[in-house]
Amino acid sequence: MNKSLITNVIAAGLVATGLVLNTPFREPVLATGLFALAGGVTNWLAIHMLFEKVPGLYGSGVISARFEDFKVGINTLVMDQFFSKENLDRFFNEMVSENDSHKLDFHDVIDETDLSGTYDGLVSTIMESSFGSMLGMFGGVEALTPLKEPFIIKMKQSLNEMAHSDSFQSSVREKLTSTSVSQDIHLQIEHVVKSRLEELTPQMVKDIIQAMIRQHLGWLVVWGGVLGGLIGLVTSQLPL
């Protein structure tokens, strides 16, 4: 439902009705319609000028024209309010303190890690060593293929044992609470945010802001028409 259109149509209808009425209703209805139409149209034009450039009207299309300022504002908001160094430090400290009585869980990370490259590197090292020529007599690389899956399973078991050892856990907690880690992550987040903002165009910025606020701005037209109509009605009753 287009609130702006409905408001202006009703106001125009009051103007048309006022033009055909006879006194004593002609003046109040006509004044109410004219003032309501003026309030509705001017507010609609103001909203339209936010998003679109209107020839001859200075300052129109301000959102598209100032999209660089909007990008800077978004970057400042995200980095200063959400991902500030202080917030990151607090996040890491809270994360470490909450898990202080529990081990940090790396099982999922290790289980999802592809260790095929590690196996291939091991095979390459073996084949380049003095054992390579000996293995060549028994099928070469293919002779080691049955060892791949057992090697990967054992490697993941060893990594899990190491990752969940007390010494490794203490080292990770110490690193997470260090200033350099939070600073590095802050810089990485800032780089990602800037990279994404660089992809924005004036049209994209306009569409984003329109999606957020334009449907609510329609009420400005409605209230502009209502208040304008009330002013017109009151004005029509004042003695000349």
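About the cut-offs
Residues numbered from 1 in each chain as written. Predicted model: local features only at pLDDT ≥ 70, side-chain atom pairs only at ≥ 80, totals over all residues. Heavy atoms only, no water. Helix = DSSP H or I, 4+ residues; strand = E, 2+ residues; numbered from the N terminus. Expected span 1.5 Å × (residues − 1). Buried < 20%, exposed > 50% of the residue type's maximum accessible area, 1.4 Å probe, protein only. Arc of directions from axis to C-beta. Patch = residues over 30% accessible without salt bridge, like charges linked within 9 Å, V, L, I, M, F, W, Y side chains within 5 Å. Areas by Shrake-Rupley, 256 points an atom, 1.4 Å probe, with all protein chains shown as cover. Salt bridge = Lys/Arg side-chain N within 4 Å of Asp/Glu carboxyl O. Contact = heavy atoms within 4.5 Å. Lys, Arg positive; Asp, Glu negative; His and termini not counted. Charge placed at Lys NZ, Arg CZ, Asp CG, Glu CD.

## What to know about helix H4 (residues 67-82)
Then step 1. Given a rise of 1.5 Å per residue, 16 residues ought to cover 22 Å, and the 22 Å separating the end C-alpha atoms of H4 matches this to within 8%.
Then step 2. Phe67, Lys71, Asn75, Val78 and Met79 are the residues of H4 that are buried. Viewed end-on, H4 has its buried residues packed into an arc of 100°, placing them on one side of the element. Away from its buried face by more than 90 degrees, H4 exposes Val72 and Gln81.

## Some thoughts on a nonpolar patch on the surface
Then step 1. A cluster of nonpolar side chains, contributed by Trp219, Trp223, Val226, Leu227 and Leu230, occupies part of the molecular surface with about 540 Å² of accessible area.
Then step 2. Here valine 226 is to be found in helix H12 (residues 202-237).

## Concerning the side chain of serine 4
Then step 1. With respect to the helices, strands and loops of the structure, serine 4 is situated in helix H1 (residues 3-20).
Then step 2. In this structure serine 4 comes out as buried when scored by relative accessible area, which is 12%.
Then step 3. Apart from residues no more than four positions distant in its own chain, serine 4 is found in contact with Trp44, Gly218 and Val221.

## Focus on helix H2 (residues 26-51)
Then step 1. The terminal C-alpha atoms of H2, which comprises 26 residues, lie 38 Å apart, in line with the 38 Å expected from a rise of 1.5 Å per residue.
Then step 2. Buried within H2 we find Pro28, Leu30, Ala31, Thr32, Gly33, Ala36, Gly39, Gly40, Ile47 and Phe51.

## Examining a negative patch on the surface
Then step 1. Taken together, Asp105, Asp108, Asp111 and Glu112 make up a surface patch of like negative charges.
Then step 2. Locating aspartate 111 in the fold gives a position in helix H6 (residues 107-112).
Then step 3. For aspartate 111, a relative accessible area of 42% puts it in the partly exposed group.

## Quick look at the environment of aspartate 207
Then step 1. For aspartate 207, the position within the fold is in helix H12.
Then step 2. Among the residues examined, aspartate 207 registers a relative accessible area of 36% and is labelled partly exposed.
Then step 3. Residues aspartate 207 and isoleucine 63 lie 144 residues apart in sequence; the distance between their C-alpha atoms is 9.9 Å.

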